[in-house]
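Fold and contact review
One-letter residues, chain by chain:
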Amino acid sequence: MDPRIRGTSGGPLYARNPTGRFSRRAEDYKRYRPSYPEAALGAVLEDLGRPASLVCADVGAGTGISSRLVAERGVRVIAIEPNAAMREAADPHPLVEWRDGTAEATGLTDRSVHIVLCAQAFHWFRPKEARAEFARILRPGGRIALMWNLRDDKGDALTGAYGAAVKHAARGDPAASKHPGDNGLNADAGFVGFRLFAFPYAQQLDWDGLLGRATSSSYVPTQGDAYDELVRELRAAYDRHVDTAGLVFLRYTTELYLAERASC
């Protein structure tokens, strides 16, 4: 078992229904999850050639937040997502093709893509099997990109209060305490040129957005006493930090892990 995908307890996240647990949260996920900084997308595509010549597999694409960002740069994207509700919630884009598949079995042909992107997703996969599948579908020299928005709970007061509230509401669900790590890329002989980038990012939210951001997380309750307590704690944090426009900012560090498929 790979310790980098574990929470504080309860075993690996891939054993905790990663496909089904977001089914009732697709709309909140689409509306309230943060985007990603332009600099991170630039790093994913850097030195790979003309965007129009590239094919990107966005694996665990969710509602297509990262898929659309890549497609808007002119890249053809194959969005792989096993959850039907998430696929159906996605806004269409002419360069994004949606397919039912998993990280361990994408359904793509050998050496068919230039990029494999996993945005806010790899921690739900079986790491060894997913890396093997990505090496299979990537062209030699093709790039793997694992990306996460990590909350700055310690460096920003509002973000810290938000983090404490959602962890309290999660009641020990290990998904609330995960940290992605490099997920084995640095040690996997199938990949070379491992490097890590970090980019600051902020998400601007009104009150409905702050609450919706919380309930988009699979470990946060949406009813009952724990939900009511979450609303009270978030409202108190919002009232302390809201600006004159009615907005607060969640602060993140976007971590991006890159490597290339070995040529042989």
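Residues numbered from 1 in each chain as written. Predicted model: local features only at pLDDT ≥ 70, side-chain atom pairs only at ≥ 80, totals over all residues. Heavy atoms only, no water.

Considerations on the overall build of the protein
To keep things clear, this is the line we draw: Going along the chain from the N terminus, every DSSP run of H or I of four or more residues is numbered as a helix, and every run of E of two or more is numbered as a strand. When accessible area is computed with a 1.4 Å probe and restricted to protein chains, residues below 20% of their type maximum are described as buried, those above 50% as exposed, and intermediate ones as partly exposed. Contacts: residue pairs with any heavy atoms within 4.5 Å of one another. Computed by Shrake-Rupley with a 1.4 Å probe, the accessible areas treat only the displayed protein chains as cover when residues are assessed.
Counting its secondary structure elements, the protein contains eight helices and seven strands. Considering the protein as a whole, with its 264 residues, one finds that 55% of them fall into the buried category. If you take every contact in the protein between residues at least 6 apart in sequence, the share linking residues at least 24 apart comes to 76%. Element-wise, carbon and sulfur atoms account for 48% of the exposed surface of the protein, whose accessible area totals about 11,500 Å².

A closer look at the packing of aromatic side chains
Going by this rule: In this analysis, rings of Phe, Tyr and Trp, with Trp reduced to its six-membered ring, are considered paired at centre separations within 6.5 Å, and the interplanar angle assigns stacked below 30 degrees, edge-to-face beyond 60, and tilted for intermediate values. Whether a charge sits over a ring comes down to the Lys NZ or Arg CZ being within 6 Å of the ring centre and within 35 degrees of the ring normal.
The full count for this structure, using the stated rule, is six aromatic pairs. Centroid distance F197 to F199: 6.2 Å. Interplanar angle 15 degrees. Geometry classified as stacked. In this structure an aromatic cluster arises from ring pairing among F122, F125 and F134. One Lys or Arg, R235, reaches over the ring of W207 and ends 4.9 Å from the middle of that ring.

Quick look at the packing of helix α7 (residues 207–215) against helix α8 (residues 224–241)
If you want to describe how two helices pack, look at the angle between their axes and the distance between the axes. Quick note on the threshold: Helix axes use the C-alpha atoms of the stretch in contact, all axes being lines fitted to C-alpha atoms, and the angles between their N-to-C directions lie in the range 0 to 180 degrees. Angles are sorted into four bins: roughly parallel if under 35 degrees, roughly antiparallel if over 145, roughly perpendicular if 65 to 115, and oblique for all others. For any pair of crossing helices, the crossing counts as left-handed if the nearer helix is rotated counterclockwise from the farther one by less than a right angle, and right-handed if it is rotated clockwise. Amino acids are sorted into nonpolar (Ala, Val, Leu, Ile, Met, Phe, Trp, Tyr, Cys and Pro), charged (Asp, Glu, Lys and Arg) and polar (every other residue, Gly among them).
Contact geometry for α7 and α8: axes closest at 11 Å, N-to-C directions at 135 degrees. By the angle class used here, α7 and α8 are oblique. In this structure, α7 meets α8 at a crossing whose hand is right-handed. Residues W207, L210, L211, A214 and T215 of α7 lie in contact with α8, whose contacting residues are Y227, L230, V231, L234, R235 and Y238. Looking at the contact of α7 with α8 residue by residue, the classes come out as nine nonpolar, one polar and one charged.

Topic: the pattern of salt bridges
Our working rule: For salt bridges, the criterion is a side-chain nitrogen of Lys or Arg within 4 Å of an Asp or Glu carboxyl oxygen.
Scanning the entire structure with this criterion turns up 14 salt bridges. A salt bridge links R76 to E97, with the shortest nitrogen-to-oxygen separation between them at 3.2 Å. With R76 in strand β2 (residues 76–80) and E97 in strand β3 (residues 96–99), this pair connects stretches of sequence that are 21 residues apart. For R76, a relative accessible area of 37% gives the class partly exposed. Note that E260 is salt-bridged to R143, the shortest N-O span being 2.7 Å. Residue E260 is located in strand β7 (residues 248–261), and its partner R143 is located in strand β5 (residues 138–151); the two are separated by 117 residues in the primary sequence. Classification of R143 as buried rests on a relative accessible area of 7%. One salt-bridge network, held together by shared partners, links R76, E97 and R99.

Regarding the sheet that holds strand β4 (residues 113–119)
For clarity, the threshold we go by: Should DSSP find at least two bridges between two strands, the strands are taken to pair.
Across the sheet, which stays open at both edges, the seven strands sit in the order β3-β2-β1-β4-β5-β7-β6 with mixed pairing between neighbours. Of all strands in the sheet, those with a lone pairing partner are β3 and β6 (191–205), marking the two edges. Taking each pair of neighbouring strands and ignoring which way they run, the sheet shows an average axis angle of 20 degrees. In this structure, β5 lies alongside β7, joined through nine bridges in antiparallel fashion. What sits directly across from W148, in β7, is E255.

So, α8
So the rule is basically this: Given a helix with a known number of residues, its expected span is that number minus one, times 1.5 Å. Arc, as used here, means the arc of the directions from the helix axis to the C-beta atoms.
The end-to-end C-alpha distance of α8 is 26 Å, a good match for the 26 Å that 18 residues give at a rise of 1.5 Å each. Turning to α8, its buried residues are A226, Y227, L230, L234, A237 and Y238. For α8, the angular spread of the buried residues around the axis is 100 degrees, confining them to a single face. Away from its buried face, by an angle of more than 90 degrees, α8 presents the exposed residues D225, R232 and R240. Here the buried face of α8 lies against α6 (157–170), α7 and β7.

Quick notes on the pairing of β7
Of all 14 residues making up β7, eleven are buried, and the element is well covered by its neighbours. Where β6 lies against β7, 13 bridges are found, and the strand directions are antiparallel. Directly across from F197, in β7, lies its bridge partner L256.

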